[in-house]
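Read off the chains here:
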Amino acid sequence: MKGYRLMIPGPVEVAPEVLAPMNEAMEPHYGPDWTAYYNETLSLLRKVFRTEGDIFLIPGTGSAAIEACLATAVGGGGRVLIPNNGFFGDRLEAIARSYTAEVEVLKYAIGAPLDLVQIEKALATGRYDLLAVTHCETSIGILNPIRDIGAVCRRHGVRFMVDAVSSLGVDRLEMDAWGIDLCATASQKGLESPPGLGIVAVGPEAWAFLKRQESPGWYLNLTLWQHYADDWADWHPFPITMAVNNVKALRAGIERILTEGMSAREERHRQVCMHLRRKLEGMGFAMCLTDEHTAHGLTAVQAHPEVPVADLLQAVKENDKILMAGSLGALKGKIFRIGHMGPSATVATMDEAVEALSRSLKNLL
Ligand SMILES: Cc1ncc(COP(=O)(O)O)c(C=O)c1O
């Protein structure tokens with residue numbers, strides 16, 4: 001697969017200075033030098049999550065981060081509400097159900113906007129301990145209104161968990177201001193670094209709740225990670241052998257993000273997304289979502305009426321060495337997705353993608 005441009009919704013292409021640490025000699029994951037570097041990295045990440053809370057880097061992927069949140073919050077018992085409008089909502093549900101029988105779902109059609117009134121009504125029953133939701137539902141690219149959902153959760157004293165695997169570093173997320181207690185993400189999308197780290201942020205007010213739970217498990221138990229962060233703070237502030245090179249690459253990615261500035265970066269992704277949408281519409285493609293509902297790290301496009309998605313993507317791959325993505329589950333074959341997160345989110349790259357699609361489409365019609 002060497003030499004292909006990645007225009008998929010993750011993993012994303014990474015800058016040379018981010019890739020370089022993956023090739024550096026091994027070093028120990030403990031001791032004062034490493035611990036200082038690690039803690040500085042967490043401080044930089046706090047700026048990305050916009051939190052004063054605790055951050056944990058868990059070797060694994062986004063799913064490990066999500067599982068750690070759910071296992072710790074409700075694995076010892078507790079009722080979860082999951083508003084679900086897509087494949088990754090189903091994933092949240094599956095992970096939650098593997099820990100507790102008390103999972104209730106507000107099910108929406110894939111890509112349909114969540115109904116805040118319905119969510120508020122459900123929380124007003126007082127039945128739930130936790131609400132868990134995806135921010136960007138990557139299977140179709142809808143951005144769920146987590147700021148408003150956070151306000152509803154606060155009004156009803158319900159803890160709030162967000163799957164921000166494909167949104168953090170792309171779309172605005174303000175962990176503390178929006179009342180998010182647990183936020184899970186991964187290294188390989190908006191944080192523009194290689195896959196290999198699941199990342200969890202725990203908000204300042206979440207610990208009182210988490211510590212009351214009798215959370216099961218060891219590796220994905222956040223109270224255990226917090227214990228090591230305190231107990232071994234001076235030399236080894238986590239319970240396992242840290243993936244040192246991945247952390248260094250992630251650090252390089254975060255430095256790039258903070259140098260650009262969070263607001264400037266969010267605006268760049270928004271502009272690039274709108275530019276691409278207008279160009280694709282100009283070619284006759286229909287978007288899956290309105291401008292108002294789309295996330296800005298990927299664009300979901302309805303299949304051309306005369307050309308199967310698989311043929312179009314294969315042609316773009318062969319002719320232009322660009323990889324775009326189909327979708328998952330019920331959306332397979334019906335839509336395709338163009339990823340634009342991180343360094344490749346530029347107007348010039350989107351123009352190349354559109355030209356490639358246009359050439360391949362002409363050949364196939
Ligand atoms: C919203 C969302 N949640 C969870 C995941 C799973 O993440 P991972 O593949 O890193 O385990 C993804 C991956 O695409 C995602 O987009």
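Note that this is a predicted model, so its numbers are computed, not measured.

The rules we used
- Throughout this document, residue positions are counted from 1 along each chain, in the order its sequence is written.
- This being a predicted model, a pLDDT of at least 70 is required before a residue's local features are given, and a value of 80 or more before pairs of side-chain atoms are given or counted; all residues contribute to the totals for chains, interfaces and linings.
- Working from all heavy atoms in the structure, the side-chain values ignore hydrogens and water.
- Secondary structure follows DSSP: runs of H or I at least 4 residues long count as helices, runs of E at least 2 residues long count as strands, and numbering of each begins at the N terminus.
- Strand pairing requires that DSSP identify at least two bridges connecting the strands.
- Simply put, an axis is a line fit to the C-alpha atoms, just over the touching stretch for a helix, and the angle between two N-to-C directions goes from 0 to 180 degrees.
- Between two residues, a contact is recorded if the distance between any of their heavy atoms is within 4.5 Å.
- A domain assignment, automatic or from a database, supplies the domain bounds used here.
- Summed over both partners, the accessible area (1.4 Å probe) lost when two parts come together is defined as the buried area.
- Definition used for salt bridges: Asp or Glu carboxyl oxygen within 4 Å of a side-chain nitrogen of Lys or Arg.
- Identification of polar contacts relies on pairs of N or O atoms within 3.5 Å, with a donor-acceptor requirement for protein atoms, meaning one able to donate a hydrogen and the other able to accept it, and with residues adjacent in sequence counted only if both atoms are side-chain atoms.
- Residues are labelled near a given molecule or strand when at least one of their non-hydrogen atoms is within 4 Å of it.
- Residue burial considers only the protein chains on display, and all accessible areas are found by Shrake-Rupley using a 1.4 Å probe.
- Only protein atoms enter the calculation, which uses a 1 Å grid: trapped sets of points that fit a 1.4 Å probe without letting it out are cavities, open sets showing protein on both sides within 12 Å along at least five of seven lines are pockets, and any residue with an atom within 4 Å of a point is a lining residue.
- For this analysis, a molecule is said to be in a pocket or cavity if more than half of its atoms are within 2 Å of the grid points defining it.
- Any residue outside Ala, Val, Leu, Ile, Met, Phe, Trp, Tyr, Cys, Pro, Asp, Glu, Lys and Arg is labelled polar, Gly included; the first ten of those are nonpolar and the last four are charged.
- Two aromatic rings, drawn from Phe, Tyr or Trp (for Trp, its six-membered ring), form a pair once their centres lie within 6.5 Å of each other, and the interplanar angle then sorts them: stacked below 30 degrees, edge-to-face above 60, tilted otherwise.
- Only protein chains enter the calculation, and the probe is 1.4 Å; a residue is then buried if its accessible area is under 20% of its type maximum, exposed if over 50%, and partly exposed in between.
- Distance and angle both matter: a charge sits over a ring if NZ of Lys or CZ of Arg is within 6 Å of the ring centre and within 35 degrees of the ring normal.

Student: It is not clear to me how unusual backbone geometry should be interpreted in this structure. Could you clarify?
Tutor: One can expect most non-glycine residues to show negative phi and most peptide bonds to be in trans. Each neighbour pair has its own omega, and for glycine 10 with proline 11 the value is 0 degrees, a cis peptide bond. Tracing the backbone through its elements, the reader meets proline 11 in the loop between strand 1 (5–6) and helix 1 (16–19). Positive phi, close to 55 degrees, is recorded for arginine 50, a residue that is not glycine. Tracing the backbone shows arginine 50 in the loop between helix 2 (32–49) and strand 2 (54–59). We note that glutamate 192 has phi near 40 degrees; this positive angle belongs to a residue other than glycine. As for its position among the elements, glutamate 192 is in the loop between strand 9 (182–186) and strand 10 (197–202).

Student: I tried to follow the sheet that holds strand 3 (residues 80–84) on my own but got confused; where do I start?
Tutor: Strand-to-strand pairing in sheets goes through backbone hydrogen bonds, with the strands running parallel or antiparallel. Read from one edge to the other, the open sheet built from seven strands follows the order 2-10-9-8-5-3-4, with strand pairing classed as mixed. The two strands at the open ends of the sheet, each matched to only one other strand, are strand 2 and strand 4 (103–107). Strand-to-strand twist of the sheet, defined as the mean angle between neighbouring strand axes without regard to direction, takes the value 20 degrees. In this structure, strand 9 lies alongside strand 10, joined through five bridges in antiparallel fashion. Along strand 10, the bridge assignment pairs alanine 184 with valine 200. Against the sheet, helix 3 (residues 62–74) touches strand 2, strand 3, strand 5 (130–134), strand 8 (159–163), strand 9 and strand 10, its axis set at about 160 degrees to strand 9. Where helix 9 (residues 244–260) meets the sheet, its contacts fall on strand 2 and strand 10, and the angle it forms with strand 10 comes to roughly 65 degrees.

Student: What's the story with the domain arrangement of the protein chain in this structure? I'm lost.
Tutor: By a frequent convention, interface size equals the accessible area lost on bringing the separate parts together. We note that the domain assignment places domain 1 (5–10 + 261–364) and domain 2 (16–259) within the protein chain. The centre of domain 1, based on its C-alpha atoms, is set 27 Å off from the matching centre of domain 2. Tallying the contact residues gives 27 residues for domain 1 and 28 residues for domain 2. Taking both partners together, domain 1 and domain 2 bury about 2200 Å²; carbon and sulfur atoms supply 61% of that area. Area buried by domain 1 at its contact with domain 2 is led by Met262, Arg265 and Glu266, which between them contribute 26% of it. Linking domain 1 with domain 2 are three salt bridges. Here glutamate 266 and arginine 50 are joined by a salt bridge, their closest N and O atoms 3.1 Å apart. One can count 15 residue pairs in polar contact (both at pLDDT 80 or more) joining domain 1 with domain 2.

Student: Would you explain the site of the ligand in this entry?
Tutor: All residues in the neighbourhood of the ligand are listed as Thr61, Gly62, Ser63, Ile66, Phe88, Cys136, Thr138, Asp163, Val165, Ser166, Gln188 and Lys189. Between threonine 61 and the ligand, the recorded distance is 2.6 Å, taken from a side-chain N or O atom to an oxygen atom. In the environment of the ligand, an oxygen atom lies 2.9 Å from a nitrogen or oxygen atom belonging to the side chain of glutamine 188. Contact with the protein chains removes 85% of the 390 Å² of surface that the ligand exposes when unbound. Assessed atom by atom at 2 Å from the grid points, the ligand resides in the largest pocket. Looking at the shell around the ligand residue by residue, the classes come out as four nonpolar, six polar and two charged.

Student: Before we go on, may I ask you to explain the packing of aromatic side chains in this structure?
Tutor: Centre distance and the angle of the planes are the two values used to describe a pair of aromatic rings. With the rule as written, the count across this model stands at 10 aromatic pairs. Geometrically, the ring pair formed by phenylalanine 87 and phenylalanine 88 is edge-to-face, given 5.0 Å between the ring centres and 80 degrees between the ring planes. Seen from their ring centres, tyrosine 219 and tryptophan 225 are 6.1 Å apart, and the 90 degrees between their planes marks the pair as edge-to-face. The class for tyrosine 219 is partly exposed, based on a relative accessible area of 31%. Through successive ring pairs, a cluster of aromatic residues spans Tyr30, Tyr228, Trp232 and Trp235. The residue whose ring lies beneath arginine 251 is tyrosine 37, and the NZ or CZ to ring-centre distance is 4.4 Å. Just above the ring of tyrosine 4 sits the side chain of lysine 321; from NZ or CZ to the centre is 4.6 Å.

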